[in-house]
Amino acid sequence: MTEQLVVDGPGAGWTSVVTGHLRWIEGLLDSLGLPAERSDELRARLLAVQARAADPQLRVAVFGETSSGKSTLLNAFLRRRLLPSSALVTTRTTTVLEYREGAEGLMVSTTDDSVLEWPSAPFAGWAGRGRESGPDTLERALRRVLTTALADEVGSLRVLSPVRLLGPGVTVIDTPGFSVTERGHRELAEAAARQADVALVVVPAVAAMSLTLVDFLTGPLRDHHDRCAFVLTKLDLLDEDERSEAVEVVERRLRDLGCADPLLLPCSPGKALGEVTAVGVREPGGSDHLASFLEVEARIARLAADSRRSAVAATVLGLLSELLSAVEETAEARRAALSRGERELAALTLPDLPAFLDAWAARTRDRARTELNAATLTRTSAQSRTTLEVKVGNTVAGEKINDLAGAAEEVSRLVRRHLRRDAQQAVRTAVKRAGEVLTAAAEELARDFAAQYSVLTDLAGEARTAPPVPQVVWPEPPAPDMSGIDRALTAIGTQLTSSGNWRTGGGAMAGALAGSLVAPGIGTVIGGALGALIGRRGPDATREQFLRQARPVIAAAHDEIGALAAACLPRVAEGLSDSVAALRRQYDEEWRDEIARLTAAHDRRRAELAAGIAHAEKTATDARRRRDAVASLRRETSRTVPDLKES
């Protein structure tokens, strides 16, 4: 770090202090690791401060609202009507008035980086003279540049005059008249305020302290009141007994706005200009206006001469303070960005590849377990039971019950087909859900892997593409074991056949029914033997008894087939677990070495980020300390406006 020199007093040693700070800023720009755009911006501001510190010219900027009399004031300084009135000006740049011995001239830098000098053939070709007649004077050239469409092509404008404005070594900056409607003009005025050593604020007496002017004083000029002088113009438009009151009102209002000791300079530049440009004849009383203006001009010139060193120092220190503030903000932003990067890297789980894959596999199995449990809950749906009951009823409807053996056999086949389809559908549903879970999990794994992999490769400066979603290996769905269906129905039929419910009345018929449900051959024999019983009972009664006895048998078979289907689910879960394990193994085998290599880079990057964060924090702290020191020094050197009593 550059050692700072001790300042012996106001204005003394400031150049060494500035040089030390600038060297410190220049040395750290590369070490901050800033984006190119931000680094270029800070370097441009650094060069601007260096250039301003090396420039001995005193910069006097003139500010004022549109139609405030600003151009008239400058023309009075020039002793000629050179600058067009602000009401006509359309330029989007400031006008710099500089002294040049021997001859006047005009330098225009255009937005396409061309530099044109008046008078010259290139300038005439660019500006054109239109239908103007007579000699091509500086006044006419300025009018074309400032009040026509050419203004949009102007990047900067310098007027060179053999007239010394406000003393030797003084550059006057004419800012566009600011207003609420011309945002670009206000921005130019704000930029000029930062560069100005002395600010002349034009306040028209007839419309003093408008809201627009107050807004400008409390905004862009808020931190520059110590270098402001207020020129109260257009006093000639007030009655003589109103002028002193206007001065008091403006002075009081300026104090209210924070100008502790405002320097107020009342005059009538328009009258004075008219008198100095008149030939032979002068208006009565005009000499008072001219004398007043000349006194104001002398005060400003004395101010420029007496406070030159402190004014330039205050400006440079102000610019340096802004630069240090920008460095501080940049360092804080850099620290925040590095901290975000550190948190993002700390959140990555991919560097521990086995743990990353194990966590994914566990999540997938848990999700599959939930889905398969949901599948078992729906295997014996109420809708399936209702559908089967309707089909059985249709099988024994009407006269079909008269063929009891045939009806019993048909019901037996119907139940078997329906329950088989139910079991197969339940297993297929479970397999489908498991497959959907596995497919979604594979996509999730690929997505998470790719996201974290890209972070790791980015920090390693590589551009390798993450793997695509791998193909899911999924076996054929297991077929439910249906061999137990017949055995289950046989056992239930045997139980019903041996039940005492059938020993009277329709017992033989019930036996035939049960036999048909259990074994079609047996059911046919029993049904034929008991056929004579039908005549003893009506079809409706037979059908009702048949259905009443068949329902429990069918319900029991339904529950049994549900259990058989559920028994297939562990095989489905086992198949899914095998597929998950295969996918996990595929990632581990293919990417183990690559992730290990990138993990080493990940660890190095985290260490670099930690070091970068510490460096950014220290830079921000140093910049803040330096800014505070510069601000204190600026306060010591920035009283550029003398006390009125001393003046």
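Residues numbered from 1 in each chain as written. Predicted model: local features only at pLDDT ≥ 70, side-chain atom pairs only at ≥ 80, totals over all residues. Heavy atoms only, no water.

Student: Sorry if this is basic, but what is going on with the pattern of salt bridges here?
Tutor: Where side chains of opposite charge bring their charged atoms close, a pairing between them can arise. Within this structure, the stated rule accounts for 28 salt bridges. Its salt-bridge partner being R79, residue E297 comes within 2.7 Å of it at the nearest N-O pair. With E297 in helix 10 (residues 286-306) and R79 in the loop between helix 3 (70-78) and strand 2 (95-99), the pair connects residues that are 218 residues apart, well separated along the chain. The buried category is assigned to E297, whose relative accessible area is 14%. Look at R79 and you get partly exposed, because its relative accessible area is 33%. A salt bridge links E444 to R363; the shortest N-O distance between them is 3.0 Å. Separated by 81 residues along the polypeptide, E444 in helix 14 (residues 404-459) and R363 in helix 12 (residues 353-377) bring together distant segments of the chain. Given a relative accessible area of 15%, E444 falls into the buried group. Several salt bridges share partner residues, and in doing so they unite E328, E332, R335, R624, R627 and D628 into one network. (Salt bridge = Lys/Arg side-chain N within 4 Å of Asp/Glu carboxyl O. Helix = DSSP H or I, 4+ residues; strand = E, 2+ residues; numbered from the N terminus. Buried < 20%, exposed > 50% of the residue type's maximum accessible area, 1.4 Å probe, protein only.)

Student: Honestly, the nonpolar core in this entry has me stumped. Any pointers?
Tutor: Note on soluble globular proteins: their nonpolar side chains tend to be buried together. Judged by nonpolar contacts, the single largest core of 74 residues is most densely connected at I25, F77, L106, F123, W126, L142 and L200. Counting residues per element, this core draws most heavily on helix 11 (residues 308-347), which supplies 11 residues. Discounting chain neighbours no more than four positions away, the residues touching L106 are L116, E117, W118, F123, L138, A141, L142, V145, L157, R158 and V159. Core analysis: the next-biggest nonpolar cluster, separate from the first, contains 57 residues, L547, I554, L564 and L576 among them. (Core = buried A, V, L, I, M, F, W, Y, C linked by side-chain atoms within 4.5 Å. Contact = heavy atoms within 4.5 Å.)

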